[in-house]
Amino acid sequence: MSKKPELRGRAARLARLLPQGPSQAARTPFVLLVVLLLGGGLITLLILNSSLNEGSFQLSELKKQTKDLTEEEQELQREVDGYAAPDALQRRAGELGMVPGGDPAFLDPDGTVRGVPGTAARPSSLSYPAPRPQEVASPAATVSVPATPAAPDPAPTTAATPPPAQPAETPAAPAPTTPRPTTISGR
């Protein structure tokens, strides 16, 4: 057996700091643990990064879809506004055979009627264009208007009736009307 030479001084102090004997076996599990932790961290970071990228793609796709839907909504709103314009409503009403109403009558809270109701007649001065074929075929072109029966006049009077429609060159002055008291029986 060979004896190790004895170290003195500074070399002896340094030799005490170094591990004695086979220390390679103790380092291997530690190194493997560090490598596994670093590898697991890198794989977790890669998965996290790819999931964030996927979320970013979904977000950009949803923003594009939102922009397209907003543009479509604005286009539809412009179309609705075009249909709601007074001239478009008047043209459409004429195509459906509607005419402007006659003179109105008002019912007071006590049951008396103010004014003399007039009948609606098709004015000859207004001309409505013929309906276009695509409008007639559209489902919006069929409008169901329920017929309301006219209330019978309870007491015929000799009050002035509305004058017949006059030619366009002489405008008709409204006929003076007097309120006509009527009573409504409770049912």
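Residues numbered from 1 in each chain as written. Predicted model: local features only at pLDDT ≥ 70, side-chain atom pairs only at ≥ 80, totals over all residues. Heavy atoms only, no water.

### Points about the overall build of the chain
Within the chain, the secondary structure is distributed over 4 helices and 2 strands. Reading the helices (α) and strands (β) of the chain from amino to carboxyl end gives α-α-α-β-β-α. Each of the 187 residues in the chain was classed as buried or not, and the buried ones make up 5%. Of the roughly 16900 Å² of accessible surface on the chain, a fraction of 64% belongs to carbon and sulfur atoms. (Helix = DSSP H or I, 4+ residues; strand = E, 2+ residues; numbered from the N terminus. Buried < 20%, exposed > 50% of the residue type's maximum accessible area, 1.4 Å probe, protein only. Areas by Shrake-Rupley, 256 points an atom, 1.4 Å probe, with all protein chains shown as cover.)

### Concerning helix H3 (residues 86-95)
Of all the residues in H3, the buried ones are Ala88, Gly94 and Glu95. Mapping the buried residues of H3 onto a view down its axis gives an arc of 130°, with all of them on the same face. One or two steps after H3, the chain reaches glycine 97, where phi turns positive at roughly 90°. (Arc of directions from axis to C-beta.)

### Some details on the pattern of salt bridges
All told, the structure shown has 4 salt bridges when counted by the stated rule. Here lysine 64 ties to aspartate 68 by a salt bridge, and the two come within 3.6 Å at their closest N and O atoms. With lysine 64 and aspartate 68 both in helix H2 (residues 24-84) and 4 residues apart, the pair spans about one turn of that helix. Since its relative accessible area comes to 39%, aspartate 68 is described here as partly exposed. Between glutamate 95 and arginine 91 there is a salt bridge, with the nearest N and O atoms lying 2.7 Å from each other. Pair noted here: glutamate 95 and arginine 91 are both in helix H3, with a separation of 4 residues, about one helical turn. Connected through salt bridges with shared partners, the residues Arg91, Arg92 and Glu95 form a single ionic network. (Salt bridge = Lys/Arg side-chain N within 4 Å of Asp/Glu carboxyl O.)

### Notes on the environment of aspartate 110
Note that aspartate 110 resides in the loop between strand E1 (106-107) and strand E2 (113-114). Of the residues examined, aspartate 110 reaches a relative accessible area of 62% and is grouped as exposed. Polar side-chain contacts of aspartate 110 include one of 2.9 Å to the side chain of threonine 112. (Polar contact = N/O pair within 3.5 Å; in protein donor to acceptor, adjacent residues only side chain to side chain.)

### Re a nonpolar patch on the surface
A contiguous nonpolar surface patch, about 470 Å² in accessible area, is contributed by Phe30, Val31, Val34, Val35 and Leu38. Locating valine 35 in the fold gives a position in helix H2. (Patch = residues over 30% accessible without salt bridge, like charges linked within 9 Å, V, L, I, M, F, W, Y side chains within 5 Å.)

### Notes on the confidence of the model for the chain
The share of residues in the chain with pLDDT of 70 or more is 59%, and the mean pLDDT across the chain is 74. Confidence scores differ between elements of the chain, with helix H4 (residues 133-137) showing the lowest mean pLDDT of 44 and H2 the highest of 93. Taken together, the stretch residues 133-161 has pLDDT below 50 and engages in 16 contacts with residues farther than four places along the chain or on a different chain. Note on residues 166-171: pLDDT is under 50 here. Beyond four places in sequence and across chains, it has 2 contacts. (pLDDT = per-residue confidence, 0-100. Contact = heavy atoms within 4.5 Å.)

### A few points about the environment of arginine 114
Note that arginine 114 resides in strand E2. Along the sequence, arginine 114 and proline 104 sit 10 residues apart, while their C-alpha atoms lie 9.0 Å from each other.

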